[in-house]
Amino acid sequence: MPTVALFMLTEITPPAFDIDLELLYATADNLSGVPIYRSAVCMLHPDAARRLADAIRLARGIGCRLRVYDAFRPAEAQWRLWHAFPDPTYIADPRLGSNHTRGVAIDLTLVDAAGVPLDMGTGFDAMTERSHHGRSDLTADQQRNRALLLGVMVGAGWEHYPSEWWHYQLPDAERYPLLTDAAAGGRLM
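Every value quoted in this text rests on a predicted model; they were computed, and no experiment measured them. (Residues numbered from 1 in each chain as written. Predicted model: local features only at pLDDT ≥ 70, side-chain atom pairs only at ≥ 80, totals over all residues. Heavy atoms only, no water.)

**Some points on helix α1 (residues 46-61)**
Part 1: An ideal rise of 1.5 Å per residue puts 22 Å on 16 residues; α1 measures up with 23 Å between its terminal C-alpha atoms.
Part 2: Along α1, the residues that are buried comprise A48, A49, L52, A55, I56 and A59. Buried residues of α1, viewed axially, fall in a sector of 115°; they line one side. Among the exposed residues of α1, those pointing more than 90 degrees away from its buried face are R50 and G61.
Part 3: Check the buried side of α1 and you find it contacts β1 (10-11), β3 (43-44), β4 (65-70), β5 (105-111) and α3 (140-155). (Helix = DSSP H or I, 4+ residues; strand = E, 2+ residues; numbered from the N terminus. Expected span 1.5 Å × (residues − 1). Buried < 20%, exposed > 50% of the residue type's maximum accessible area, 1.4 Å probe, protein only. Arc of directions from axis to C-beta. Contact = heavy atoms within 4.5 Å.)

Shown next as structure tokens:
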């Protein structure tokens, strides 16, 4: 009989994590136009949660906070997003797996001391080339804001995804297993 390891995810909630949560896939305000999750629950693999804590500290050092839009995304949710927008540049093919489905990717932005998001040149989930890192057709402030987020996240041990300024993941993410909603106790789907 095969051995099954119990996988634990860390719930990411204030005050344990000093962040703003705006989990847009639990609302209709996302690229699909319908809620992807039935409840707004933010979870990460413990390795990613530790790196998020480092990023929170670094953001605080520049007078900002992090606002999280998405974190762990069960395989079931990945299929829903894929059906809504089947473009592998922006949505990982669920047959291959998403690093969100491994619990080691996060979508986020920086907000100022008043809780206002810094202008990144596009909104979250703007699936266009303008959302790619390294754009020179943005204003100087927008480029600086993206560089600030990149610096915070890379400084905390995350790596960026070239096509989305908001997406960061742990290095060697593929070494983590793909997970279903069962890993979150069935709380998302």
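Still more ground to cover, so stick around.
**Topic: the layout of surface pockets**
Rolling a probe over the atoms, with the probe sized like a water molecule, indicates the empty space that remains.
Part 1: Here the largest pocket defines a volume of roughly 250 Å³.
Part 2: What lines the largest pocket is a set of 21 residues, and nearest its centre among them are Y90, A92, S98, Y161 and H167.
Part 3: Of all the elements, strand β7 (residues 164-169) adds the most residues to the lining of the largest pocket, at 4 residues. (1 Å grid on protein atoms, 1.4 Å probe; cavity = no way out; pocket = protein on both sides within 12 Å on 5 of 7 lines; lining within 4 Å. Points joined across faces, edges and corners; volume = space filled by probe spheres on them.)

**Quick notes on the packing of aromatic side chains**
Part 1: For the structure on display, the rule yields 6 aromatic pairs.
Part 2: Ring-pair connections join several aromatic residues into one group, and the members of that group are Y25, Y37, Y69, F124, W165 and W166. (Phe/Tyr/Trp six-rings, centres within 6.5 Å; stacked < 30°, edge-to-face > 60°.)

**Re the side chain of E164**
Part 1: Relative to the assigned elements, E164 resides in strand β7.
Part 2: One buried charged side chain, E164, makes no salt bridge at all; its nearest oppositely charged neighbour is R73, positioned 6.8 Å away.
Part 3: Setting aside residues up to four positions removed in sequence, E164 forms contacts with Y90, M127, S131 and H133. (Lys, Arg positive; Asp, Glu negative; His and termini not counted. Salt bridge = Lys/Arg side-chain N within 4 Å of Asp/Glu carboxyl O.)

**Examining the pattern of salt bridges**
Any two side chains of opposite charge can pair if their charged atoms end up close together.
Part 1: Evaluation of the coordinates by the stated rule reveals 15 salt bridges.
Part 2: With a closest N to O distance of 2.9 Å, D18 and R65 form a salt bridge. Pair noted here: D18 is in the loop between β1 and β2 (20-21) and R65 is in strand β4, with a separation of 47 residues, a long-range link.
Part 3: Using a relative accessible area of 28% as the deciding quantity, one classes R65 as partly exposed.
Part 4: Here D54 and R57 are joined by a salt bridge, their closest N and O atoms 3.9 Å apart. In this pair, D54 and R57 both sit in helix α1, 3 residues apart, roughly one turn of the helix.

By themselves these figures say nothing about function.
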